[in-house]
Amino acid sequence: MTKQLHLTIVSQEKKLLDEQVDSITLPASEGEITVLPDHIPLFTKLSTGELIYRQGKEEHSFVITKGFVDIGPDNHVQIMVDAAIAAKEISLEKAQQAIQNAQRTMEQSQDQRELMLAEASLRQAMWEIRVAQKSRKVKI
């Protein structure tokens with residue numbers, strides 16, 4: 001039996017995933033990394049983007065926001081993020097509406113905090129659309 005990674009994804013709201021996987025590709029703050037069994041221990045920041053994990057020939061995706069990854073010496077990988085959504089749960093309509101709302105806020109607001117939140121919302125919605133379109137193309 002081949003070695004696997006134990007992947008746990010936790011957001012502020014709940015535990016989203018707790019699975020045995022073959023590999024994980026994630027958006028680290030310094031660039032994309034792929035984690036395989038027996039990876040060296042690592043704790044690093046994550047950026048908003050696509051997290052992909054593989055189980056056999058199947059590939060699954062999440063859009064994640066900023067957070068951290070803790071890769072332990074025991075093949076346990078813990079992902080802690082502000083928010084995450086599985087590709088299969090993404091609503092293109094909601095993501096497009098979020099983009100419009102963020103753009104409207106960015107045009108009208110002068111408040112730095114509002115602008116930063118709108119920019120983060122815009123980035124996440126754009127990733128959601130990209131991942132949803134990619135995952136739906138594969139299934140067709």
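Everything below is about the structure printed above this text.
Residues numbered from 1 in each chain as written. Predicted model: local features only at pLDDT ≥ 70, side-chain atom pairs only at ≥ 80, totals over all residues. Heavy atoms only, no water.

Colleague: Hey, could you run me through the overall build of the chain in this one?
Modeller: Along its length, the chain carries two helices and 10 strands. Helices and strands appear in the chain in the N-to-C order β-β-β-β-β-β-β-β-β-β-α-α. Over its C-alpha trace the chain gives a radius of gyration of 16 Å, about what one expects of a compact globule, namely 14 Å for 140 residues. The principal-axis extents of the C-alpha atoms in the chain amount to approximately 55 × 35 × 25 Å. Here the chain holds 140 residues, and 38% of them are scored as buried. Sequence-distant contacts in the chain: of pairs separated by 6 or more residues, those separated by 24 or more amount to 51%. Of the roughly 8,700 Å² that the chain leaves accessible, carbon and sulfur atoms contribute 51%. Across the chain, the 17 positively charged side chains and the 20 negatively charged ones have centroids separated by 4 Å. (Helix = DSSP H or I, 4+ residues; strand = E, 2+ residues; numbered from the N terminus. Rg over C-alpha atoms; globule rule 2.2 N^0.38 Å. Buried < 20%, exposed > 50% of the residue type's maximum accessible area, 1.4 Å probe, protein only. Contact = heavy atoms within 4.5 Å. Areas by Shrake-Rupley, 256 points an atom, 1.4 Å probe, with all protein chains shown as cover. Lys, Arg positive; Asp, Glu negative; His and termini not counted. Charge placed at Lys NZ, Arg CZ, Asp CG, Glu CD.)

Colleague: Explain the pattern of salt bridges to me, please; I cannot follow it from the model alone.
Modeller: Think of it this way: side chains of opposite charge can pair up when their charged atoms draw near. Per the stated rule, a full pass over the model turns up four salt bridges. The partner of K15 in a salt bridge is D18, and the shortest N-O contact between them spans 3.6 Å. Residue E59 pairs with R54 through a salt bridge whose shortest N-O separation is 3.3 Å. (Salt bridge = Lys/Arg side-chain N within 4 Å of Asp/Glu carboxyl O.)

Colleague: Just to check I follow, could you spell out the pairing of strand β6 (residues 49-55) for this structure?
Modeller: Both faces of the sheet carry side chains from a regular strand, because those side chains alternate between them. Summarising burial for β6: five of the seven residues are buried, a large majority. Where β6 hands over to strand β7 (residues 58-64), the hairpin turn is made up of two residues, of which G56 adopts a positive phi near 65°. (Pairing = 2+ DSSP bridges.)

Colleague: Is there a simple way to think about the nonpolar core in this case?
Modeller: Residues L7, I24, L51, Y53, F62, V77 and I79 are the most contacted members of the largest nonpolar core, which totals 20 residues. Among the elements of the structure, β1 (5-10), β2 (15-21), β3 (23-28), β6, β7, β8 (67-71), β9 (76-81) and β10 (84-86) are those that each provide at least two residues to this core. Not counting the four nearest positions on each side in its chain, I24 is found in contact with L5, L7, I33, T34, V35, L51, I52, Y53 and V77. Listed in part, the seven residues of the second largest apolar core include A95, I99, L122 and I129. (Core = buried A, V, L, I, M, F, W, Y, C linked by side-chain atoms within 4.5 Å.)

Everything listed here is a matter of geometry and, on its own, says nothing about what the molecule does.
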